[in-house]
Each structure stands twice: as structure tokens, then as C-alpha cells.
Amino acid sequence: MEFNWKEERNLTMLTDYYEFTMSNGYFLNGLGDRIAVFDMFFRRVPDEGGFALFAGLEQLIDYLKNLHFTPEDIAYFRSKKIFNEKFLEYLADFHFECDVWAMKEGTPMFPNEPIVTVRGPVIQAQLVETMVLLTINHQSLVATKANRMVRAAQGRSIMEFGSRRAQSYDAAIFGARAAYIGGCDATACAIADRDYGIPAAGTMAHSWVQLFDSELEAFRKYAEIYPENCTLLIDTYNVLKSGTPNAIKVFDEVIVPKGLRPKGVRIDSGDIAYLSKKVRKMLDDAGYEDVQIVASNSLDEYLIRDLAQQGARLDSFGIGERLITSKSDPVFGGVYKLVAVEKDGVYIPKIKVSESLEKITNPCFKRLYRFYNAESGKAEADYICVADEELYTKKPITITIFDPLATWKKKTLENVWARELLVPIFEKGKCVYEKPSLEDIRTYCAEQVESLWDEVKRFENPHTYYVDLSEKLWSIKTDLLSEHNSSLR
């Protein structure tokens, strides 16, 4: 059964107030139907990483499909006494008519390249800004963090345990979804299992153990109820002196006599590296070499990596707050900027100029390509060009690229495939994209991350993956900056 509770809410009004004041102004100035092009992009990878992951497209599609203003919404605007009545009539009959392009979910992405592009009447393209950013920023942040932890685990399972630490119930649910895209194997969030099919994991809390007269009794009762999936939490009192011995006793007396095998034990506190080695030996000596040891307790990618370096005997990890909130770097700085307007069938490029170099935008209605080496399959560079520059994608090509900040640095890429990264999502307000299953997204994400060189995936000082501009786009950007500087003289 598929549940659609999330689609029942009308989120059209989840928009910054100034979007409406601007839209009212556009309307009154006769600009409401002016075709505008907006790009979403981000400027910095969280945690100083080498790449981020694109996630949240499915929820953005659901939002755009359901855009409409209710009579209550119109009454709210009227009560503000600043909106033109004709504009309110326009909102009451609002129909989304924009074109939208986006990356596929799970695609590795890099700073300053378009990841969502919206083209349409400026009022409509402007109004969706908040939800485009909110949806993509959140899930991309969590998916990126999850993938870092998955890579640190080097094949060991990662379970997302963050529901109770997430910043709201939506963050818990969609965070679990994003973590699964990033490579986590399971979630503690039951509703994420129900709605998205993400395997739910979890056995007992310390309160279960404390509720009974003894730890041994607590373990025994649990094993009697769940003999086929028995994982015991062994750190309520003392991992080595009571938790592990009691677990072994229950395995011997309850699980094995039924012809079954216990699944695991979990350690949630203490010196996990030291304890895991001791517990592993105790389990092995008792004939339970196949029983897994699960670690939890405020873990992140650096602690996971350190545990591995210290020889910890761990098979999987349950990670909560540091994953679901991306605690070490909890803001994904995606922005949504006007890059072009259409006049008499011609796109006029627009640029945001700033004294901060990183805040100068790339103008124009654009395309985005990724070059893959035809022999190794590895991604070599990304290439942003003007929309009327279409690269051949049917066979390998040779192309010379250059660093847009240091134009004398050039490199010729030979025998590379060019793949266009932005795919059509909506055409004139109609969804034309067939949403893949979450499993397919997760598999695609893993394949695309594998296509990156290991140097790009380093946690510290990753290799800079180049996002280059075509010569035409670079020239347009340079000319606009020159014109701006000349106007200030």
C-alpha cells in the first residue's frame, strides 16, 4: 500500500513574503508574463568535501504539481491591504506553466553549476524559489553527509538512527530518505519504511533492560519474542562483566535450542574500540563468530575512520544526530538567482555582481555537461555552456577546457563522453519526468560516486574537480562585468 499523506498538504504558501510583494510589483508594472530564467546552484561543499549529492527532486515535483492558492490564502493577502485586487484574482486562478530542468537524484554535483533551472513567467518562477531551495538544500545536505559516513565505513553497514534528533518530523522522514540515497542501509524511522520502503532497523532501548528485575531476564524475554532477529543492547550496566556474558547465556539457552542463530549485540557507550575487541573475543570463544557487533553513540565519518584505524571489531554503525542534522556543517548554501530574461525571442543574460568573487553568478540560460573518460569511466570535468551550444553525445569527443579563474590553464580532454546533466522535469507546467524508484536512485548514486576519482573523495584537502565555462559563456560573463565596471566610472 502506498501512503500519500505528504501530498495532502498544500505548501504553496510556504514562500518568503517578499516573493509576493515582488510578484505584485511585477504584475502592476506589466512584467508578470515576462519570461525569466532562474538557476539554483551552491557555492561551497559542506565539510570542505570534494563533492555533494543532489537529492530532494521527488518532493519538489510533488510540490510543483500541487501549486494552487485557496480562498483562505486570497483572504489572507487581502487582509494585508497592500496587494492589488487584480493580482489577487491572478493568484486565485494560478496555474503553473514553467519549464523545469534538474539533475537526477543521486548525481554528484559541484559548486557554481546549475542543479535546477526554472524558465517561465517571472511571477511563477519567482514564487517557487523558497521551496526549490528548502527541498533541495535539506535532502542534498543529508545525502552528502550520509555518503561521507558510508565511505568511511568501508563496506560496513550504516543505519540512520536520527529521527529523535531531526529538526521537525518532516526533517526526520525526508532525512531518512536522503540518507538512504547517500548509501545508508536502514533507518530507525518506521514511517520512512512504510512510505518509502527503507528497511526499518532497531531492537531495544536501555529502558527495556531497566524495566525488568535483571538484565538477564530482559534479554531472555526479548529473545523469546524475537528469536529469529535477536540483537541485544549490552551496555546498560557493564559491557564486559554483565552485558556480554548475559547475552551469551541467552543465546545458549534460548536461541540455539530453537535451531536458530543470534544476530548481534549493540554497544552504545564507552570506549567502543576497546570494548568491541573484547566483546569479539568473548563471542568467538563462545562459538558466536557470526554474531555481529553494532556501534552507536554520536558517531561521524571521522570517528568511524578512527575506529577502523584502531582495529575496532565492528560490523555496522547506527548514527543519529551527526547524520540527520549534518551537525559538523548543518547548512547547505544553495541559492536561486535570475540568470536571463527573454525579450522578443532573445535571451538577455543577467549577472549578479559582488565584491566577493564567489558571489558573482554565471549568466545566461545554460546547459551542463559532464565528461567521462571513455576507457576508465571516470568523470574528468563538468562544462557549463550557453543553451544554444549543444555538444555531441553519441560518441566520444575531444575538447579543450580552461580554468575560468586562470584562463591560461588549459587542458585537452581526449576520448571523453559528454553527458548532459540537466534533464527535463516540467514542460509548460506539465510533469514529463518519470520518477525512478528509491532503490534505483540509490543504485544510480552509488554508481555515480564510483565514477569520481578517489582524490576527489578525500575527506581532507580533496582534489578540486573542475567546473569549466565554455569560451562563449566566459566571454559573455567577462563582457557583462566590464560593462558594469565601466558604468561605475
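Up top is the structure these notes are about.
These notes cover the structure that comes with them. The shown structure was predicted, so the numbers you read here are calculated from the model rather than taken from an experiment.

Right, let's talk about the overall build of the protein chain for a bit. On a plain count of helices and strands, the protein chain comes out with 17 helices and 20 strands. Each of the three principal axes of the protein chain carries a C-alpha extent, and together these read 80 × 60 × 40 Å. Looking at the protein chain as a whole, 51% of its 489 residues qualify as buried. Surface exposure of the protein chain reaches about 22,800 Å², of which carbon and sulfur atoms provide 50%. Of the side chains in the protein chain, 60 bear a positive and 72 a negative charge, and the two mean positions are spaced by 2 Å.

Where strand 6 (residues 157–160) meets strand 11 (residues 316–319), 4 bridges bridge the pair, whose relative direction is parallel. Paired with E160 across the bridge in strand 11 is I319. Bridge count between strand 6 and strand 7 (residues 186–187): 2 bridges; the pairing is parallel. Residue pairing for strand 7: M159 is matched across the bridge by A186. In this region the chain leaves strand 6, passes through helix 8 (residues 169–182) and returns to the parallel neighbour strand 7; the handedness of that crossover is right-handed.

What holds strands together in a sheet is hydrogen bonding between their backbones, with the strands either parallel or antiparallel. Ordered by their spatial adjacency, 7 strands build an open sheet running 13-12-1-5-3-18-19, and the pairing between neighbours is antiparallel. Across the chains shown, the open sheet's two edge strands, defined by having one partner strand only, are strand 13 (346–349) and strand 19 (430–431). Where strand 12 (residues 334–343) meets strand 13, 4 bridges bridge the pair, whose relative direction is antiparallel. Bridge pairing links E342 to Y347 in strand 13. The sheet strands contacting helix 3 (residues 57–65) are strand 3 (99–102), strand 18 (423–427) and strand 19, and the helix crosses strand 18 at an angle near 15 degrees. Taken strand by strand, helix 7 (residues 129–153) contacts strand 1 (35–42), strand 5 (116–121) and strand 12, and its axis lies near 140 degrees from that of strand 12.

With that settled, consider helix 7. In this model helix 7 runs 36 Å from its N-terminal to its C-terminal C-alpha over 25 residues, within 8% of the 36 Å that 1.5 Å per residue would give. Q154 sits one or two positions beyond helix 7 and adopts a positive phi of about 50 degrees.

For the rest of this paragraph, the subject is the pattern of salt bridges. Under the definition given, this model contains 32 salt bridges. In this structure, R44 and D329 form a salt bridge, with 3.1 Å as the shortest nitrogen-oxygen distance. Here the residue R44 occupies a position in the loop between strand 1 and strand 2 (52–53), and D329 occupies one in the loop between helix 15 (321–324) and strand 12, the gap between them amounting to 285 residues. Among the salt bridges present, the one from D284 reaches R280, with a minimum N-O distance of 3.0 Å. Pair noted here: D284 and R280 are both in helix 13 (residues 272–285), with a separation of 4 residues, about one helical turn. By sharing partners, the salt bridges in this structure join D47, K145, R148 and E301 into a single network.

As a further point, take the pairing of strand 16 (residues 397–403). Along any regular strand, the residues point their side chains to alternate faces of the sheet. Of all 7 residues in strand 16, 5 are buried, a share of seventy percent or more. As defined by bridge partners, strand 16 adjoins strand 17 (residues 406–420) across 6 bridges and the pair is classed as antiparallel. Looking at strand 17, one finds that F402 is bridged to K410.

Running from N to C, helix 2 (residues 17–28) and helix 5 (residues 85–92) point in directions that differ by 110 degrees, and their axes come no closer than 10 Å. When the axes of helix 2 and helix 5 are compared, the pair comes out roughly perpendicular. On the side of helix 2, the interface is formed by F20, S23, N24 and F27, while helix 5 contributes K86, F87 and Y90. Grouping the constituent residues of the contact of helix 2 with helix 5 by class yields 4 nonpolar, 2 polar and 1 charged.

To continue, consider the nonpolar core. Residues V116, F251 and F317 are the most contacted members of the largest nonpolar core, which totals 132 residues. Top element by residues in this core is helix 7. It accounts for 11 residues. Other than its neighbours up to four places away in sequence, V116 contacts F38, D39, M40, F54, V100, W101, A102, V132 and I136. Y383, L391, I397 and L413 belong to the second largest nonpolar core, which has 12 residues in total.

Ordered by their spatial adjacency, 5 strands build an open sheet running 16-17-14-15-20, and the pairing between neighbours is mixed. The open sheet terminates on both sides in strands that have one partner only, identified here as strand 16 and strand 20 (467–469). Ignoring strand direction, the axes of neighbouring strands in this sheet form an average angle of 40 degrees. Sheet topology note: the strand 15 (residues 379–386)/strand 20 ladder contains 3 bridges and is parallel. Across the sheet, the residue bridging to D382 is V467, located in strand 20.

The N-to-C vectors of helix 11 (residues 215–225) and helix 12 (residues 239–255) enclose an angle of 40 degrees; their axes lie 9 Å apart at closest approach. By the angle between their directions, the pair helix 11 and helix 12 is classed as oblique. The two elements helix 11 and helix 12 meet at a crossing, and its hand is right-handed. Here E215, L216, F219, R220, A223 and E224 of helix 11 come into contact with helix 12, specifically with S242, G243, N246, A247, K249, V250, E253, V254 and I255. Residue composition of the contact of helix 11 with helix 12, grouped by class: 7 nonpolar, 3 polar and 5 charged.

About the thresholds
- Residues numbered from 1 in each chain as written.
- Predicted model: local features only at pLDDT ≥ 70, side-chain atom pairs only at ≥ 80, totals over all residues.
- Heavy atoms only, no water.
- Helix = DSSP H or I, 4+ residues; strand = E, 2+ residues; numbered from the N terminus.
- Buried < 20%, exposed > 50% of the residue type's maximum accessible area, 1.4 Å probe, protein only.
- Areas by Shrake-Rupley, 256 points an atom, 1.4 Å probe, with all protein chains shown as cover.
- Lys, Arg positive; Asp, Glu negative; His and termini not counted.
- Charge placed at Lys NZ, Arg CZ, Asp CG, Glu CD.
- Pairing = 2+ DSSP bridges.
- Right-handed = clockwise from strand over helix to strand, strands pointing away.
- Contact = heavy atoms within 4.5 Å.
- Axes fitted to C-alpha atoms, helices over the stretch in contact; angles between N-to-C directions.
- Expected span 1.5 Å × (residues − 1).
- Salt bridge = Lys/Arg side-chain N within 4 Å of Asp/Glu carboxyl O.
- Parallel < 35°, antiparallel > 145°, perpendicular 65-115°, else oblique.
- Nonpolar A, V, L, I, M, F, W, Y, C, P; charged D, E, K, R; others polar.
- Core = buried A, V, L, I, M, F, W, Y, C linked by side-chain atoms within 4.5 Å.
- Left-handed = near helix turned anticlockwise from the far one by under 90°.

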